[in-house]
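Remarks on the overall topology
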Amino acid sequence: MAVKFYIDNWLMAVSALGFARVLEHAEVDPLQFFKGRVLEVPEVLWEKISHYYANYLLKDFDMLVKPSYEKLSLKKEVKWSDIKNPYNQVVLTRLKDFYNNSLLINFSKGYIKGVAEKNEETIRSYSQDLKEAINILLSRWDDYRRTMSAHISSAIGETFGEIRGATIPEGSPTCFFCRERPSYRTFDAVNFTPLSASPDNLPNFFYNGRNTMYLCKECEILFYFACFGFTRTGGRYLFVYIPENIERMFSVNNALEKRRWISSDIIRESLVEVAKAVEEQRAEWTLKNIYVVEVQPVGDAKSNIHTFSLRPELAKALKDRIDKYPRSLEPLFDIFLSYAYQGKSLYEMLYRILSGYFFKDRYKNINTGTDEGRLVSFGSKGLWVSLLFFIKFQEVLNMQANKDREIKRAFFEGKKLAEAYTGSMGEDRAKKKIETLSYRLLEAVRRKDMDHFSQNVIRAYLEVEKPVPQVFLNALREGGLERIAYAFLIGLNGEEAKVGAEAEAEPSLGEE
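Residues numbered from 1 in each chain as written. Predicted model: local features only at pLDDT ≥ 70, side-chain atom pairs only at ≥ 80, totals over all residues. Heavy atoms only, no water.

Concerning the overall build of the protein chain
Along its length, the protein chain carries 24 helices and nine strands. Within the protein chain, the fraction of its 512 residues that count as buried is 52%. Counting only carbon and sulfur atoms, one obtains 47% of the accessible surface of the protein chain, whose full area is about 24,000 Å². (Helix = DSSP H or I, 4+ residues; strand = E, 2+ residues; numbered from the N terminus. Buried < 20%, exposed > 50% of the residue type's maximum accessible area, 1.4 Å probe, protein only. Areas by Shrake-Rupley, 256 points an atom, 1.4 Å probe, with all protein chains shown as cover.)

Here is the structure:
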């Protein structure tokens, strides 16, 4: 017999991934238990699950617990109130963002208080002098870790045992998630913040204000593995959901766990490779059903949860263009993806990047922990030809996929005008002239003021006694102000060394 779970939504999927990671840590191959989108856990393995769960948490025991004792050993005076419960340090630290007031972190439970009591007994056994006891504890760290790990593991075992021993009401509805076992309560925010909604604060989430997400004991235990499926990065948690291919989903999220951000390599693997793995007629459907789940803690027991799914045009654009994403823009990939998912124009990204380049002094103290700060900071280091990727990608989303040559042409016209200025005025005067022109053009494109942009372009070419290139006339007639303006500004201000370094990213970027 086996305990079955159907992996047919992102919550079951992230729980299954967390379960798989726990088994891998125990050196058990998890993929043998997946039959397509069904997880079948042998009962003999399921009986040991609390032990595996505890061992996975305890792998970080030294990192989470030892520093606090090392600090206490340096204090002149130590009080018993300074001693922390190692259960809280190991378990609460990892689970608090996901399981508010759950059995695992409910401090009223005797088995959690018991770990603190046993910790005190252990320390007192070393010496009646607390400072001396702590020093002995550190000298016998392996024994202390083994002793306290056993107590923590026992407490977790009691938690899972309490769930298993719960009474199932007579005539209980079938579990909402597995659709085959009887439920014993509902899935709610009391135990699963933020993975579920509160029936008190958000009654409209449920039919007639009543929570019908009935939950069986086995599915509840599986949901306690969900936190291990997310990757923590930058104060938030991320998970890439791929409904059609469990093994590929594991691979993509393991890559995310190693890199700690959503890189273009991860999206290439999750989008391009999955598309290749299915029939052509299903490729676009598969891409549209891949999405990223983001959990963002915003306070004690409060989190925002977002899912970013692929619009049809974005799925196609990623499938066709993601393999060309430049390496030099990798630090901005997660921002690029967020903009694309949310339907925000990539020209807003470019405006912030160029602002960072042109107005370095203005942004000296900007917070680089925000997306805007990162974009501005990236721009302050220079303008790279690879930034043209954002223009080309946005035009694909705008249903203007045939504009690549026009974008390249505008870039080269900017580059040629910079050379003409230098040739006629000298390097210093040309630099100042280019700066002034760039400020005006950037402001014009920000306001989408085509007249102001046109007047400045005409004046610029009159100064070098050259005709206005046809690329401006054609694009402005067609409403292509942003694509031409940004490509032109990048060419006008691009640094030669950086342009050369990007040859690999733009292999076809030769002047036509």
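Observations concerning the nonpolar core
Core analysis: the largest hydrophobic core is formed by 160 residues, its most contacted members being Y53 and F390. In terms of residue count, helix 1 (residues 10-25) provides more of this core than any other element does, eleven residues in total. With near-sequence residues (within four places) excluded, Y53 lies in contact with V22, L95, L104, I156, F160, Y224, F225, C227 and F228. (Core = buried A, V, L, I, M, F, W, Y, C linked by side-chain atoms within 4.5 Å. Contact = heavy atoms within 4.5 Å.)

A look at the packing of helix 1 against helix 3 (residues 49-58)
In the contact formed by helix 1 and helix 3, the axes pass within 9 Å of each other and the chain directions differ by 80°. Judged by the angle between their axes, helix 1 and helix 3 are roughly perpendicular. Of the residues in helix 3, those in contact with F19, R21, V22, L23 and H25 of helix 1 are I49, Y52, Y53, N55 and Y56. When the residues that make up the contact of helix 1 with helix 3 are grouped by side-chain class, the tally is seven nonpolar, two polar and one charged. (Axes fitted to C-alpha atoms, helices over the stretch in contact; angles between N-to-C directions. Parallel < 35°, antiparallel > 145°, perpendicular 65-115°, else oblique. Nonpolar A, V, L, I, M, F, W, Y, C, P; charged D, E, K, R; others polar.)

A few points about the sheet that holds strand 2 (residues 34-35)
Overall, antiparallel pairing links the three strands, which are arranged 1-3-2 in an open sheet. The open sheet has two free edges, formed respectively by strand 1 (2-6) and strand 2, since each of these has just one partner strand. In the sheet, strand 1 pairs with strand 3 (residues 38-42) via five bridges, with the strands oriented antiparallel. Bridge pairing links Y6 to V38 in strand 3. (Pairing = 2+ DSSP bridges.)

Quick look at helix 18 (residues 388-397)
In terms of burial, helix 18 is a largely internal element, ten of the ten residues being buried. Buried within helix 18 we find L388, F389, F390, I391, K392, F393, Q394, E395, V396 and L397. Among the residues trailing helix 18, M399 stands out with phi positive, at a value near 65°.

Quick word on the packing of aromatic side chains
A full pass over the atoms with the stated rule returns 44 aromatic pairs. Here Y357 and F358 contribute two aromatic rings whose centre-to-centre distance is 5.2 Å and whose plane-to-plane angle is 75°, an arrangement assigned as edge-to-face. Summarising the burial analysis for this pair, Y357 and F358 share the class buried. Ring centres of F389 and F390 lie 6.2 Å apart, and the angle between their planes is 70°; on these two criteria the pair is classed as edge-to-face. Taking the ring centre of Y339 as reference, the NZ or CZ of K344 above it sits at 4.2 Å. (Phe/Tyr/Trp six-rings, centres within 6.5 Å; stacked < 30°, edge-to-face > 60°. Lys NZ or Arg CZ within 6 Å of the ring centre and 35° of its normal.)

Things to note about the pattern of salt bridges
On inspection of all chains with the given rule, the structure shows 25 salt bridges. When the shortest N-O distance is used, the salt bridge between D60 and K59 registers 3.6 Å. According to the relative accessible area criterion, K59 is partly exposed, its value standing at 39%. Two residues, E413 and K416, come together in a salt bridge whose shortest N-O distance is 3.9 Å. With a gap of three residues between them, E413 and K416 both fall in helix 19 (residues 404-425), about one helical turn apart. Exposure remark for K416: the relative accessible area of 36% places this residue in the partly exposed category. (Salt bridge = Lys/Arg side-chain N within 4 Å of Asp/Glu carboxyl O.)

Section: the state of the cysteines
Under the definition given, this model contains zero disulfides. C216 provides the cysteine sulfur closest to C175, a residue in no disulfide bond, and the two sulfurs are 3.7 Å apart. For C175, a relative accessible area of 2% puts it in the buried group. C178 carries a free sulfur, and the closest cysteine sulfur to it, the one in C175, is 3.8 Å from it. (Disulfide = S-S within 2.5 Å.)

Comments concerning the confidence of the model for the protein chain
Atom-level detail of predicted coordinates should not be read off regions where pLDDT is low. When pLDDT is averaged across the protein chain, the result is 83; 81% of the residues are at 70 or more. Element-level pLDDT for the protein chain is lowest in helix 24 (residues 496-501), with a mean of 41, against a maximum mean of 96 in helix 3. Within the model, pLDDT remains below 50 along residues 197-207, and this stretch shows 14 contacts once partners closer than five positions in the same chain are excluded. Here residues 496-512 is a poorly scored stretch, pLDDT under 50, and it has 30 contacts once near neighbours within four places are set aside; other chains count. (pLDDT = per-residue confidence, 0-100.)

Quick word on the pairing of strand 7 (residues 236-241)
Within strand 7, five of the six residues are buried, leaving the element largely enclosed by the surrounding structure. In this sheet, strand 7 lies alongside strand 6 (residues 231-233) in antiparallel orientation, the contact comprising three bridges. Paired with R232 across the strands is Y237, a residue of strand 7.

Some points on the side chain of N119
By the secondary structure assignment, N119 is in helix 6 (residues 110-126). Relative accessible area serves as the criterion here: at 2%, N119 is assigned to the buried category. Here Y69 takes part through its side chain, which lies 3.1 Å from a polar atom of the side chain of N119. Excluding its chain neighbours within four sequence positions, the residues that come into contact with N119 are Y69, I83, K84, P86, Y144 and M148. (Polar contact = N/O pair within 3.5 Å; in protein donor to acceptor, adjacent residues only side chain to side chain.)

Examining the environment of Y69
Within the secondary structure, Y69 is located in helix 4 (residues 61-74). Not counting residues up to four positions away in its chain, the partners in contact with Y69 are I83, K84, N119, I123, I134, L137, L138, W141 and Y144. Within the structure, Y69 has its side chain in polar contact with the side chain of Y144 (distance 2.9 Å).

A short note on unusual backbone geometry
At R179, a position not held by glycine, the phi torsion is positive, near 60°. Its location among the elements puts R179 in the loop between helix 8 (141-164) and strand 4 (185-186). Although it is not a glycine, E465 adopts a positive phi angle of roughly 55°. The topology assignment puts E465 in the loop between helix 21 (450-463) and helix 22 (470-477). Taking the relative accessible area as the measure of exposure, E465 reaches 73% and is therefore exposed.

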